[in-house]
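Residues per chain, in single letters:
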Amino acid sequence: MKPTSDRRLSDVVSVGLLTKVFPASLVDEVIAECGRTEQRSRTLTARVTAYFSIGMALNSEGSYEDIFEQLTDGLSWSSGWSHTWSTPTKSAIFQARSRLGDEPIQALFRRVARPLADADTPGSWLAGRRIVALDGTCLDLPDTPANAEHFGRPASSRGEQSAFPQARLVAVAECGTHAVLDAAIGPCRTSERELSHELIDRLDSGMLLLADRGIYGFDMWTRAAATGADLLWRVKSTLSPRHLETLDDGSWLARIVPTSGKERQQRTPLTVRVIDYTLDDGRDNPEQYRLLTTILDPSAAPAQELALAYAQRWEIENTFDELKTHQRGPRAVLRSKSPPLVRQEIWGHLCCHYAIRTLMRDAATAGRHDPDRMSFVAALRITRRSLSHSSFSPS
C-alpha cells in the first residue's frame, strides 16, 4: 500500500522530467559507448549514478543521502510502492560517482542539447539566422590540493591568490530560449578564447554567433566563418580595418588582416562589414561600439537591426546567472573534491539546466508566451518537486 505522503505530482510537469529529456535507453547507450557498463551486479548501477549526477544540480544544498532518497522515492512511486530501495552510504555514492567519471555525463549532454526555438520564438532569429551567443564564466571549487593543482586559482585584486580554485566554463547558448547548446570546461588559467576553439569548430550554418571583444582574432574569425555560421562580434575600437565602401545604412565594408604571426603578410585578407554606433544610456561618456559581421548585404540585415541584435548577447549572461545564482545557489561552492568529479558535476548542472529550459520552452509554446518572460526560479522549483516522481528503472 502506498504510504501517506504530502507530495503530489505537479500539474505542470509530467512524470520524470529528467527521463523525458534523457531517456534511460540513451543513458545506457552513452554509458556503454564510454565503457562504463558494470562488469558485475551493483546496487548503484551506472544508470542510477548518471541520473544522480544530474539530480545533484536540482538539490545543490542537499546531502548525497537526501538526493538519493528523492530519486528512489520516485522509483517507489512509479512502481506503485511495490518496491523500495535502501539508501546507500555517502561513501558508496562517492565510489559510484568515481566509477562513472565525467565522460558519460558530458557525452549525454552533447547527444541531447539541441536548439529549442521554433520559427515563432521571440528574440531567436535575425534574417532567418538563429541567434546564439558565446561567453564564459568561472565556478568556485572546494579547496583541495587536487582541485588547486588542476584548475588553479585566480589572482585577487591585491595580487594574492583567491580563496578557492576555479573552473572556467565557456558556452554557446541560444539567446531566445537560454538553452546551452555546447560547452567546454577547463582550468581558470585557460583563457576564454583558448577554450572557445573547440566550440567554434562545432558551429552550424544558419546560426548568427554573437561574441564580445575578448574573442576576436583574425585566426578565430577565419575559423568561425569557415563553419558556415554568420558572425556578429564586437571588437576593440582600436581595431582599424581597411575601408572599402560606405553603405547606405551607414555601415561600411572593410578588409581585415592578421596583426601578428610570422607569415601574416602572405595571408589572404577577409572582407567584413563594420557597424559603428554609440549607446546613449544617459552617462556623460556614452560607450562606443564597433561590430564586425559576415553579413555583407545591408538589405538582408540593416545596421540598426544588427545593433539591436547584438544586445541579445546579454542573454547568455542571464543564462549563467540561472546556473550560478539560482540552480547552484548564490555564492555556493561546488561539492566535488577531485577534477573528474568536478567536471561530472558541472556537466550534470548543464544537463539539469537544459532539462528545465526544455520544460520552459514546452510551457511557453503551449501558452503562446516568450520563454524569456517566464520565471526560471519557478520552473526550477517545479522541477525539484517533480524529482521525487521521476520514473526510471534502476537496472
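Residues numbered from 1 in each chain as written. Predicted model: local features only at pLDDT ≥ 70, side-chain atom pairs only at ≥ 80, totals over all residues. Heavy atoms only, no water.

**A look at the nonpolar core**
Membership of the largest hydrophobic core comes to 98 residues, with the highest contact counts inside it found for F22, W233, I346 and L350. In terms of residue count, the dominant contributor to this core is helix α12 (residues 339-367) (eleven residues). Those residues in contact with I346, other than ones at most four positions away along the chain, are L139, A167, L169, I185 and L334. M56, I67, F68 and A96 belong to the second largest nonpolar core, which has ten residues in total. (Core = buried A, V, L, I, M, F, W, Y, C linked by side-chain atoms within 4.5 Å. Buried < 20%, exposed > 50% of the residue type's maximum accessible area, 1.4 Å probe, protein only. Helix = DSSP H or I, 4+ residues; strand = E, 2+ residues; numbered from the N terminus. Contact = heavy atoms within 4.5 Å.)

**Brief notes about the pattern of salt bridges**
Applying the stated criterion to the full structure yields 23 salt bridges. Where R110 meets D182, a salt bridge forms, and the shortest distance between an N and an O atom there is 2.5 Å. Linking R110 in helix α6 (residues 103-112) with D182 in strand β4 (residues 180-187), this pair joins segments that are 72 residues apart in sequence. Among the ionic pairs, D219 bridges to R267, the shortest N-O distance being 3.0 Å. In this pair, D219 is assigned in helix α9 (residues 218-225) and R267 in the loop between β8 (252-256) and β9 (270-279), connecting sequence segments 48 residues apart. Salt bridges sharing common partners tie together R110, D182, E198 and R202. (Salt bridge = Lys/Arg side-chain N within 4 Å of Asp/Glu carboxyl O.)

**Section: the confidence of the model for the protein**
Averaged over every residue, the pLDDT of the protein is 86; the share at 70 or more is 87%. Taken as a whole, residues 1-15 scores under 50 in pLDDT and shows 22 contacts with residues more than four places along the chain or in a different chain. (pLDDT = per-residue confidence, 0-100.)

**Concerning the packing of helix α5 (residues 90-100) against α12**
Direction vectors running N to C along α5 and α12 enclose 85°, while the axes themselves pass 10 Å from each other. For the element pair α5 / α12, the angle class is roughly perpendicular. Contacts between α5 and α12 involve F94, R97, S98 and L100 from the first element and L341, Q344 and E345 from the second. Partitioning the contact of α5 with α12 into residue classes produces three nonpolar, two polar and two charged. (Axes fitted to C-alpha atoms, helices over the stretch in contact; angles between N-to-C directions. Parallel < 35°, antiparallel > 145°, perpendicular 65-115°, else oblique. Nonpolar A, V, L, I, M, F, W, Y, C, P; charged D, E, K, R; others polar.)

**Observations concerning the pairing of strand β5 (residues 207-211)**
By the criterion of burial, β5 is predominantly enclosed, with five of the five residues buried. Side chains of β5 alternate between two faces, with M207, L209 and A211 and L208 and L210 buried alike. Pairing geometry for strand β2 (residues 129-140) and β5, over four bridges, is parallel. Looking at the pairing, R130 lines up with M207 of β5. Pairing between β5 and strand β6 (residues 230-234): four bridges, direction parallel. Within β6, the residue paired with L209 across the bridge is L231. Handedness of the crossover joining β5 and β6 through α9: right-handed. (Pairing = 2+ DSSP bridges. Right-handed = clockwise from strand over helix to strand, strands pointing away.)

**Some points on the packing of aromatic side chains**
With the rule as written, the count across this model stands at six aromatic pairs. Between F52 and Y64 the ring centres are 5.5 Å apart and the planes differ by 85°, which places this aromatic pair in the edge-to-face class. Within this pair, whereas F52 is found in helix α3 (residues 46-58), its partner Y64 is found in helix α4 (residues 64-78), the two being separated by twelve residues in sequence. Just as F52 is buried, Y64 falls in that class too. The interplanar angle of 70° and the centroid separation of 6.4 Å between the aromatic rings of Y289 and Y310 together place this pair among those described as edge-to-face. On the criterion of sequence distance, the pair formed by Y289 in strand β10 (residues 287-293) and Y310 in helix α10 (residues 303-310) is long-range, its members being 21 residues apart. Assessed through its relative accessible area of 4%, Y310 is described here as buried. (Phe/Tyr/Trp six-rings, centres within 6.5 Å; stacked < 30°, edge-to-face > 60°.)

**Side note on α10**
A303, L306, A307, A309 and Y310 are the residues of α10 that are buried. Down the axis of α10, the smallest arc covering the buried residues is 160°, so these residues share one side. Exposed side chains of α10 directed beyond 90 degrees from the buried face belong to Q304 and L308. The inward-facing, buried residues of α10 contact β1 (125-126), β5, β6, β9 and β10. (Arc of directions from axis to C-beta.)

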